[in-house]
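Structural overview
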Amino acid sequence: MWAFPCKYLQGDLGNCDIPCPFVLRPVCGSDGVTYDNDCILDNAICRDPTLFKEHNGGCDCNRPCPFVLRPVCGSDGVTYDNDCLLDVAICGDPTLFKEHNGGCDIIYQVVVHFLILLKGSLIKVIFKYAEEHCDCNRPCPFVLRPVCGSDGVTYDNDCLLDVAICGDPTLFKEHNGGCGVRDNCDRPCPFVLRPVCGSDGVTYDNDCLLDVAICRDPTLFKEHNGGCEDCNRPCPFVLRPVCGSDGVTYDNDCLLDVAICGDPTLFKEHNGGCGVRDNCDRPCPFVLRPVCGSDGVTYDNDCLLDVAICRDPTLFKEHNGGCGDFDLDLDFAFAFDIASECPLLDAPVCGSDGVTYPSECFLELAIAQNPEIFKVGDGDCGCYQECDPQLSPICGSDGVTYGNQCLFESAQCQDSDLRKVADVSCGS
């Protein structure tokens, strides 16, 4: 019964939160806990290697089973009416297993065939009674809450399925949601906390989890970003000041939204801090830490951008770095663990996607997201222009002969001290 996954012996102990599908196939752990499926149990085993799988099925061996006659034979020689009843028995005795479909002895099978014949006659009687006494054509509301019938048909709502059951009493409801769509709805979602509020009043951790819920219930939709009436949701550490109608300057829109959640009479007055709009011409230091504004302009530092925001409150900071450089927006940091965010070093490298990354660390994060990206070279991507193969030698001050002016300029882009010595090879 020991079920220790091999992957935990291969150095993968540090990743115990792998995404699992939304599939309900209960298994019982040795800790007496019922896990929704093997994947979730594997995550628990990863955290506690002493844990193992006891058996399939929940830890509660007295779960109810449907009244369905599909006989199976257990290894104890007992004929069970269906797989569910056998699973309940296996839950109580893990050494038990299924021998085969069908009853364990011929006499039982004869009885089953007799019951099937009797059932056929009984169904005819029920049909006749239904035709004579039931109103199977009653009107149903125009509500879209799909349910799946045992005939494999998706009905728009429970009422329409009830009408069908009225006409065919052998029919029953399989599950909520359309037939054949549940497997497509159970896709794994990332462990990212960006709460959104669904129209059912439930707060979902991110859009993906809400999409899974919408897949199961197409009447559901997204109300807004942020939790439902959750006034204490976390906000990013981003400085984009906004002024509230209460005269308070909030560091960003998210913090103002949290305040509005607690006081619905509050609203946003304008971008930028409160009380600073009349004094926009404050001095700024001569520091080069480029930032990109929402107007597409690269400002030498945050102070200069703040002055521009003061003059134009609709303006905001897009990201650190120039507007043509790599976007250091917080969304990127969320996509990877903020705890492992790269230090902001001035050591640019060029990626094959044409993006200039602040350092190799950020390039490696991008490669982790898109393995097709690779490093072109050190320095700005503007230094790696495509050059014509035409030969027109130039001798550089570093003693290197460059094939033509384009190649020389690319090298000069990476080394600002490089100078042209002559329009011939260096050895000439």
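The structure reproduced in this document is the subject of the present report. (Residues numbered from 1 in each chain as written. Predicted model: local features only at pLDDT ≥ 70, side-chain atom pairs only at ≥ 80, totals over all residues. Heavy atoms only, no water.)

For the protein chain, the count of helices and strands is eleven helices and 24 strands. Every one of the 428 residues in the protein chain was classed for burial, and the buried ones make up 34%. For the protein chain, the exposed surface amounts to about 25,900 Å²; the carbon and sulfur share of it is 56%. (Helix = DSSP H or I, 4+ residues; strand = E, 2+ residues; numbered from the N terminus. Buried < 20%, exposed > 50% of the residue type's maximum accessible area, 1.4 Å probe, protein only. Areas by Shrake-Rupley, 256 points an atom, 1.4 Å probe, with all protein chains shown as cover.)

Turning next to the sheet that holds strand E10 (residues 196-198). Spatially, the three strands line up as an open sheet ordered E11-E10-E12, and their pairing is antiparallel. Among the strands making up the open sheet, the edge pair consists of strand E11 (203-204) and strand E12 (222-225). Where E10 meets E11, two bridges bridge the pair, whose relative direction is antiparallel. Considered in E11, the bridge of Cys 197 is made with Thr 203. (Pairing = 2+ DSSP bridges.)

Scanning all chains against the criterion turns up nine salt bridges. Taking the shortest distance from any N to any O, the salt bridge between Lys 53 and Asp 38 comes out at 2.9 Å. Taken as a pair, Lys 53 in strand E3 (residues 53-56) and Asp 38 in helix H1 (residues 38-47) lie far apart in primary sequence, 15 residues in all. Residue classification places Lys 53 among the buried positions, given a relative accessible area of 17%. Note that Asp 83 and Lys 98 form a salt bridge whose closest N and O atoms lie 3.0 Å from each other. Linking Asp 83 in helix H2 (residues 83-92) with Lys 98 in strand E6 (residues 98-101), this pair joins segments that are 15 residues apart in sequence. Taking the relative accessible area as the measure of exposure, Lys 98 reaches 35% and is therefore partly exposed. (Salt bridge = Lys/Arg side-chain N within 4 Å of Asp/Glu carboxyl O.)

Here we take up the packing of aromatic side chains. This structure, assessed with the given rule, holds one aromatic pair. For the ring pair Tyr 402 and Phe 408, a centre distance of 5.6 Å and an interplane angle of 70 degrees mean the geometry is edge-to-face. Each member of the pair, Tyr 402 as well as Phe 408, carries the same accessibility label: buried. (Phe/Tyr/Trp six-rings, centres within 6.5 Å; stacked < 30°, edge-to-face > 60°.)

Turning next to H2. Every buried residue belonging to H2 is among Cys 84, Leu 86, Val 88, Ile 90 and Cys 91, and all of these are buried. Buried residues in H2 make contact with E3, strand E4 (72-74), strand E5 (79-80) and E6. Where H2 begins, the capping side chain belongs to Asn 82, and its oxygen is found 3.2 Å from the backbone nitrogen of Cys 84. (Contact = heavy atoms within 4.5 Å. Polar contact = N/O pair within 3.5 Å; in protein donor to acceptor, adjacent residues only side chain to side chain.)

Moving on to the nonpolar core. Counting eight residues, the largest nonpolar core consists of Cys 342, Val 349, Tyr 357, Phe 362, Leu 363, Leu 365, Ala 366 and Ile 373. Ranked by the residues each element gives to this core, the list is headed by helix H10 (residues 360-369), at four residues. (Core = buried A, V, L, I, M, F, W, Y, C linked by side-chain atoms within 4.5 Å.)

A word on the sheet that holds strand E16 (residues 291-293). Strand order in the open sheet formed by three strands is E17-E16-E18, and the pairing between neighbours is antiparallel. Pairing within the sheet leaves two strands with one partner each, and these edge strands are strand E17 (298-299) and strand E18 (317-320). Bridge count for E16 against E18 is three bridges, and the pairing is antiparallel. By the bridge assignment, Gly 293 is partnered in E18 with Lys 317.

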